[in-house]
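The primary structure of each chain is shown beneath.
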Amino acid sequence: MSIIIYNTLTKKKEPLKTLESGKVKMYVCGVTVYDYCHLGHARCTIVFDVIYRYLKYRGYDVVYVRNFTDIDDKIIKRAQKEGTDYKTISERFIKAFYEDMDPLGVLRPSFEPRATEHIQEMLDMIKILVDKGVAYELDGDVYFSVEKFPDYGKLSGRSLDDMMAGARVEVDERKRNPFDFALWKASKPGEPWWDSPWGRGRPGWHIECSAMGCKYLGKTFDIHGGGKDLIFPHHENEIAQSEAAFEVPFVNYWLHNGFVTIREEKMSKSLGNFLTIRDILSEVHPETLRLFVLSKHYRSPVDFSEEAIMETEKALEKLYNTISDTLNKLPPEDSIETNYPEKALQGASKELFEDLVNVRNAFEEAMDNDFNTAQAIGVLFDFRASIQRFLEQSGRKKLKGPRALLALKALQELKFLGKILGILERSPETFWNELRSIRVHKTGLTEKEVEELITKRDEARKKKNFEEADRIRDELARRGIKLEDTPQGTRWKV
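Residues numbered from 1 in each chain as written. Predicted model: local features only at pLDDT ≥ 70, side-chain atom pairs only at ≥ 80, totals over all residues. Heavy atoms only, no water.

Draft legend 1. Quick look at the environment of Phe304. With respect to the helices and strands, the residue Phe304 is situated in strand 13 (residues 302-304). For the pair Phe304 and Gln412, spaced 108 residues apart in sequence, the C-alpha to C-alpha distance is 31 Å. Setting aside anything within four residues of it in sequence, one finds Phe304 in contact with Leu39, Thr261, Ile262, Arg263, Leu275, Ile280, Leu289, Phe292 and Ile309. (Helix = DSSP H or I, 4+ residues; strand = E, 2+ residues; numbered from the N terminus. Contact = heavy atoms within 4.5 Å.)

Right under this line is the structure:
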């Protein structure tokens, strides 16, 4: 079965037919590096990371380009506010981008071009547009004339006439049409600049992705992605300038992920619900956030709430519990006999054997249908439940013979499919330790402080100062830390 993709351009699902057999050329709009990444950035980056992973799993040679916009009005404004230069700001937030995305398991793309390293490619493209008469210069600025591109609006489904009738755009009397957009901006005093045939200036936002996409992927490539907020005007303008310049289709498949809301409200600083990735990861395990993002189809909206995150965390714990339970029931892997015939494995458990045989096909069927991660996750949890039933039916003894091999194969398949989604990549021990550290952090204490309080409680108990021992227990309980006294000592959990 081929992969089916919903194409924003055609407004329908289409089979993936690449320009080159076995190769996918994909471009995704990256971040403008003037501030810390927020939840919306996390969703877009994780969604296309999974698409990248899945295409590679399906055997494609994927050339994946995700850019950094490192020159922009917002970057310049922040640099001026801080009394520094644009390079300092962009370098700081490129570094912060990796600090946020690496814990989320986001793979590095094939290329991560920066806008400022591709000024010449942009100038070359702008010159083509000017020479063709579809762009014009005004006082050092260069604008694209939307009226010279008859297909303008084909991605967003907007008519230029309708847009003109209800126009609410910034008025610039110099422009021939209010919707003409800047390809090149003349520099203002104190701003960074590059030389151009039209004077000193810097590129407009839209030209960046067209020029960099062309350099790394060609004048036409397979997939272009980003958030729905980029459909108009950014991606619409990319199509116009690229197809006007080169007179060939720019992109064959346009993919756009849905919006993120916070408790059904749009995320914004003014509402006080603006969540950066680093703020979230101080209280949420990275795999929990990743699983949460993928639990909805990428084109659907996703609503962030504490309740939704807690449910996701419980679900992720179930997966790791099953991994841990399986490992605890298995003998050392190198001692497990691997030469049993299928009939023996089927005899060990007909249900688990059949689920093992079918799970990958079910997973692929979900992902082949427009990268339906929500359905794929459902397949994963059904398989987990099958493994768990098998373990419970096996009693307390270690697994042996064909039963051990069947459990090992099921465990390997669960983790393999999880890896395609970018989850279950930690050992259970690492996961639980990380989760405990995050939960302890939320109590306002450190693990060291918890251990010190437990030691003080133990000393109080030895001195028969039970009032003080109870006070410490109650204080820890108030912060959400439960103590369990055992013959081996006091254990605790959040």
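Draft legend 2. Focus on unusual backbone geometry. Residue Pro233 follows Phe232 across a cis peptide bond; omega there is 5°. Tracing the backbone through its elements, the reader meets Pro233 in helix 7 (residues 231-246). With a phi close to 65°, Lys11 is a non-glycine residue in the positive phi region. By the secondary structure assignment, Lys11 is in the loop between strand 1 (4-7) and strand 2 (12-15).

Draft legend 3. Structural context of the pattern of salt bridges. In total, this model carries 42 salt bridges according to the counting rule given. With its nearest N and O atoms 2.7 Å apart, the salt bridge here joins Arg360 to Glu413. A residue pair is termed long-range when its members are at least 10 positions apart, and Arg360 in helix 12 (residues 350-368) and Glu413 in helix 14 (residues 401-421) qualify at 53 residues. Exposure remark for Arg360: the relative accessible area of 29% places this residue in the partly exposed category. We classify Glu413 as buried; its relative accessible area is 10%. (Salt bridge = Lys/Arg side-chain N within 4 Å of Asp/Glu carboxyl O. Buried < 20%, exposed > 50% of the residue type's maximum accessible area, 1.4 Å probe, protein only.)

Draft legend 4. The arrangement of the sheet that holds strand 12 (residues 265-266) in detail. Read from one edge of the open sheet, three strands run 12-11-13, paired in mixed fashion. One side of each edge strand has no neighbouring strand; the edge strands of this open sheet are strand 12 and strand 13. As judged from the two bridges shared by strand 11 (residues 260-262) and strand 12, these two strands associate in the antiparallel manner. Across the sheet, the residue bridging to Thr261 is Lys266, located in strand 12. (Pairing = 2+ DSSP bridges.)

What is shown is where atoms sit, not what they do.
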